[in-house]
Amino acid sequence: QQTPTPFGTTVDVTRILTEVRVVDDAGYPILDLGPEDFRVKIDGKRAEVESVSRIPTTREVFVKPGIPQPEIKMFDDPPIEPKPRLIVVVFQTDINLYRIKGVVRMAPQAADFVRNLASTDRVAFLSFESRLELSSDFTVDHDALAEMITTMEMLEGSIEPPRASSPRLGEHLNFKQARKAATMSDALEVVAQALAPIPGPKTLVLFGWGVGRYNRGHSITTPGVTNAIAALIAARTSVFSVDITTADWHTLEIGLRRVSEDTGGVYLKTHLFPDAAMDKLVRVISSYYELSIVPPPKLKHSYVIDIKVKRSGSRVYVRQNHPSGRR
């Protein structure tokens with residue numbers, strides 16, 4: 001009996017599989033792409049796209065108003081059933097006067113986001129202030145989980161979590177390291193390490209006010225963020241940073257942007273139009289493309305993928321640095 005080869009860990013790489021999200025500026029997915037529409041470079045070298053599959057993750061197909069729905073051949077007979085999503089919600093709290101405003105503003109938005117997810121989605125919830133805490137393991141009881149996502153509950157933690165579903169995040173979470181996590185970067189790395197043994201792609205939605213550290217002289221450093229990003233990539237986890245800060249721009253958003261961009265996620269501001277930001281998030285995560293790529297020869301131990309699409313106004317989100325599995 002042959003042992004299945006783990007994603008991205010073959011010794012002699014013949015194909016690379018990666019998830020890619022292609023949307024317009026408003027986050028509406030571009031649905032009718034084929035191999036000929038993608039241009040891929042790996043470490044600057046052209047690579048062939050062998051096949052493209054669009055993977056829906058919800059039954060709702062988001063099409064921009066006023067634009068005719070394209071013919072999607074992947075939905076012909078037999079139809080493609082949406083893949084249940086593994087979604088981790090992490091909420092960064094702080095009682096600081098300037099940050100608690102964002103917590104109060106976005107907690108109801110986060111609760112509504114969870115409440116309106118597809119019934120088959122597995123959702124876990126963690127909070128971080130001075131340490132990382134697992135409030136609820138993966139569950140399909142979205143209504144009960146949404147009740148936990150309030151400002152008071154995140155600060156006090158008095159509600160019992162809903163019944164857990166498989167897979168179990170808590171089975172892999174290092175609770176000692178979670179208690180010792182002193183920064184958001186540390187917390188993300190701990191979550192990524194817990195997600196790594198769980199197969200398949202995952203979505204991490206970070207409601208946060210910043211990743212990194214502000215230094216005297218108006219400089220920003222991101223200690224630990226490189227390790228966090230590497231762990232998230234290894235766990236096939238894309239981070240969607242929902243910035244809860246009440247400001248047009250702030251220094252700590254640099255870390256939020258970097259974590260999202262490098263893992264194939266999206267950075268969203270919420271201080272002016274939180275409803276629009278959350279609607280965009282829902283659209284972006286509604287589907288993705290899985291690309292099978294023929295890599296160039298002599299692939300390095302790690303490599304960077306650059307993907308472009310021949311469609312005007314399109315935005316492509318893909319994990320930037322990949323382990324090749326070569327030793």
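A word on the pattern of salt bridges. Think of it this way: side chains of opposite charge can pair up when their charged atoms draw near. The full count for this structure, using the stated rule, is 13 salt bridges. With a shortest N-O distance of 2.5 Å, Arg 236 and Glu 19 are connected by a salt bridge. Of the two residues, Arg 236 is situated in the loop between α6 (225–234) and β10 (237–243) and Glu 19 in strand β1 (residues 16–23); the sequence distance between them amounts to 217 residues. Grouping residues by exposure puts Arg 236 and Glu 19 together as buried. Three or more residues are tied together by salt bridges with common partners; here these are Glu 19, Arg 236 and Arg 319.

Hydrogen bonds along the backbone pair up the strands of a sheet, which may run parallel or antiparallel. With mixed pairing, six strands are arranged side by side in an open sheet as β6-β5-β4-β7-β10-β11. At either end of the open sheet lies a strand with only one pairing partner, and these are β6 (132–139) and β11 (267–269). Direction aside, neighbouring strands of the sheet carry axes that sit 15 degrees apart on average. Pairing of strand β4 (residues 86–92) with strand β5 (residues 122–128), which is carried by seven bridges, proceeds in the parallel orientation. The residue bridging Ile 87 from the neighbouring strand is Val 123, located in β5. Packing against the sheet, helix α1 (residues 97–115) makes contact with β4, β5, β7 (202–208) and β10, and its axis sits at approximately 170 degrees to β4. Packed onto the sheet, helix α5 (residues 184–195) meets β4, β5, β6, β7 and β10 and runs at close to 160 degrees relative to β7.

This next bit is on the environment of Lys 176. If you trace the backbone, Lys 176 turns up in helix α4 (residues 175–180). Overall, Lys 176 belongs to the exposed group, its relative accessible area being 54%. Residues Lys 176 and Val 190, 14 residues apart in the sequence, show an inter-C-alpha distance of 9.9 Å.

Looking now at the side chain of Arg 85. Positionally, Arg 85 belongs in the loop between β3 (45–56) and β4. Of the residues examined, Arg 85 reaches a relative accessible area of 10% and is grouped as buried. Setting aside chain neighbours within four positions, we find Arg 85 in contact with Thr 57, Thr 58, Leu 117, Ala 118, Asp 121, Arg 122, Ile 285 and Ser 286.

Let us now look at the side chain of Ser 241. For Ser 241, the position within the fold is in strand β10. A residue is classified by how much of its surface remains accessible, and Ser 241, at 0% relative accessible area, is buried. Looking at Ser 241, its side chain comes within polar contact range of the main-chain oxygen of Leu 256, at 3.2 Å. Beyond its immediate sequence surroundings of up to four residues, Ser 241 is in contact with Leu 206, Leu 256, Ser 260, Val 266, Tyr 267 and Leu 268.

Each aromatic ring pair is described using two quantities: the centre-to-centre distance and the angle formed by the ring planes. Taken as a whole and assessed by the stated rule, the structure comprises two aromatic pairs. Seen in terms of ring centroids, Phe 91 and Phe 207 are 5.4 Å apart; in terms of plane orientation they differ by 5 degrees. Their pairing is stacked. Here Phe 91, found in strand β4, pairs with Phe 207, found in strand β7; they are 116 residues apart in sequence, far enough to count as distant. Overall, Phe 207 belongs to the buried group, its relative accessible area being 0%. In this structure, Arg 99 is placed above the aromatic ring of Trp 209, and the distance from its NZ or CZ to the ring centre is 3.6 Å.

Rules and cut-offs
- Residues numbered from 1 in each chain as written.
- Predicted model: local features only at pLDDT ≥ 70, side-chain atom pairs only at ≥ 80, totals over all residues.
- Heavy atoms only, no water.
- Salt bridge = Lys/Arg side-chain N within 4 Å of Asp/Glu carboxyl O.
- Helix = DSSP H or I, 4+ residues; strand = E, 2+ residues; numbered from the N terminus.
- Buried < 20%, exposed > 50% of the residue type's maximum accessible area, 1.4 Å probe, protein only.
- Pairing = 2+ DSSP bridges.
- Axes fitted to C-alpha atoms, helices over the stretch in contact; angles between N-to-C directions.
- Contact = heavy atoms within 4.5 Å.
- Polar contact = N/O pair within 3.5 Å; in protein donor to acceptor, adjacent residues only side chain to side chain.
- Phe/Tyr/Trp six-rings, centres within 6.5 Å; stacked < 30°, edge-to-face > 60°.
- Lys NZ or Arg CZ within 6 Å of the ring centre and 35° of its normal.

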